[in-house]
Amino acid sequence: MKEKSKLTVWMFGVFFFLTSVSVQAQLKEDLTFSPVDLLVKLGFENVSCTESESERVYVIENAAYRLSGVGISKAIDCIQSNGLPLGKNCRIIVLDNNVPQISLFYHRNNQLSVPQQDSIKIPAREGWEVSCGLGDNWKEARKAYRHNSSLFKVDIVVYPEVSLKNLVITQVYQVLFNLSPAIEVSFWKGMKFTAQMVFPIYNDGYSVNDSKIHPRVIALSQSFRLPWRGTTFARISAGLFYSDRYGVDLKVKHIFNDARFSAEGRISYTGPGGYEGFRFHYGSLSRVTWSLGGSFYLPLYNTQFSLKAEKYLLEEKGVRFDMTRHFRYCSVGFYAMAAQHANKNGGFRFQIALPPYKYKRKWLRVTPSKQMGMAYNAGNERYYYKTFRALPEDNMMKENEFNPYFITSELFNY
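Residues numbered from 1 in each chain as written. Predicted model: local features only at pLDDT ≥ 70, side-chain atom pairs only at ≥ 80, totals over all residues. Heavy atoms only, no water.

S.K.: How would you summarise the nonpolar core if you had to cite specific residues and measurements?
M.R.: Among the nonpolar cores identified, the biggest contains 32 residues, and Leu39, Ile60, Ile72, Ile92, Val94, Ile102 and Leu104 are the most heavily contacted of them. Mapped onto this core, the elements with two or more residues apiece are α2 (35–42), β2 (55–61), α3 (68–82), β3 (89–96), β4 (99–106), β7 (128–131) and α6 (404–413). Counting residues per element, this core draws most heavily on α3, which supplies 6 residues. Sequence-distant contacts of Val94, defined by excluding residues within four places in its chain, comprise Ile60, Ile72, Val99, Pro100, Gln101, Ile102, Leu104 and Phe402. Membership of the second largest hydrophobic core comes to 8 residues, among which are Ala219, Tyr242, Ala390 and Leu391. (Core = buried A, V, L, I, M, F, W, Y, C linked by side-chain atoms within 4.5 Å. Buried < 20%, exposed > 50% of the residue type's maximum accessible area, 1.4 Å probe, protein only. Helix = DSSP H or I, 4+ residues; strand = E, 2+ residues; numbered from the N terminus. Contact = heavy atoms within 4.5 Å.)

In structure tokens:
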């Protein structure tokens, strides 16, 4: 009996020792997460880290925070706390649908202050320089394995849409309210497939077809960062677009060395086409529309001024001026237009970021759209100045999402 008791005690001792070693190893593993692991745990996608003799490069895509400035700030905090290299420069390259947009550069000679708040060390973000350049090590960084890839992951994005018109003397506004969910998925770098369905909720004064459930956007798009011009971006889209148009749409934007200045152009070859319920009707491809102009960004007030020459769907040519101020949660702007055969027109527009402001996705995620907006047509123009959007996500807030000056202001104000 004594021998069995000793054996039992010995076995319990071995079990306790092995359990203790396992727990310690697990604790050690939890305490030694790499910055890449921590970024993935925060919800960032397409994360990688490469290193040369002079620089460490992180690549990230913000899929966890609705506001890009907030997401990039969170990534900087994580890297400053866990992943700044000693004696080397550090760079963070930010992607959008696997296409590089901007980079944030931290020089090894910068001295970051670490203020105290409630006895917790909170790294400051001073010293990070935001630009459209990608640095000399991007060619190697682009080849690195990407953790938590965004490819083949599906978003079901619900776009709330409100339309108002004031054409009846006895009624203040006629109202149309839709919920328009869209399936969005990317199968390779820069590519996106979008299929959107419209579910009418309330229709007071709009057409009978607007009261029918029907498909709207069914499109493939491909985005590029052109290699021979480091700060030139392009996107080509083909399929069924907004405003009952189908065809091909090309957008190009070039950001100059002084990133306050940019030039952009758009050309489309489309025809009438859309759904009445689930019955598709279309006409021949016959209309070329275009837009060409430039813009200036005033960093002090995060305000953008743009002037464009345009050709619209009724083939009238005109000019358009926009002034837009960008805030963290919204963008507000005014516009003025003049064109052949049409009275001068103008108005205002706004875009608002919708909650929730933080989320994660594994393979399928259902969220409201990033922004919701409206435009007010002060001249009540119903025929001229008509154009179309190619994709549901196209809006002025999205276009400013990776502006280097806007991101810089967010780093220091968030």
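S.K.: Outline unusual backbone geometry, supporting the account with residue identities and numerical values.
M.R.: Here the amide bond leading from Pro355 into Pro356 is cis, since omega sits at 0°, within 30 degrees of zero. Along the chain, Pro356 turns up in the loop between β20 (345–353) and β21 (364–368). We note that Asp244 has phi near 55°; this positive angle belongs to a residue other than glycine. Residue placement: Asp244 occurs in the loop between β12 (232–241) and β13 (245–255). You can call Asp244 partly exposed: its relative accessible area is 43%. At Glu315, a position not held by glycine, the phi torsion is positive, near 70°. On the secondary structure map, Glu315 appears in the loop between β17 (303–311) and β18 (317–326).

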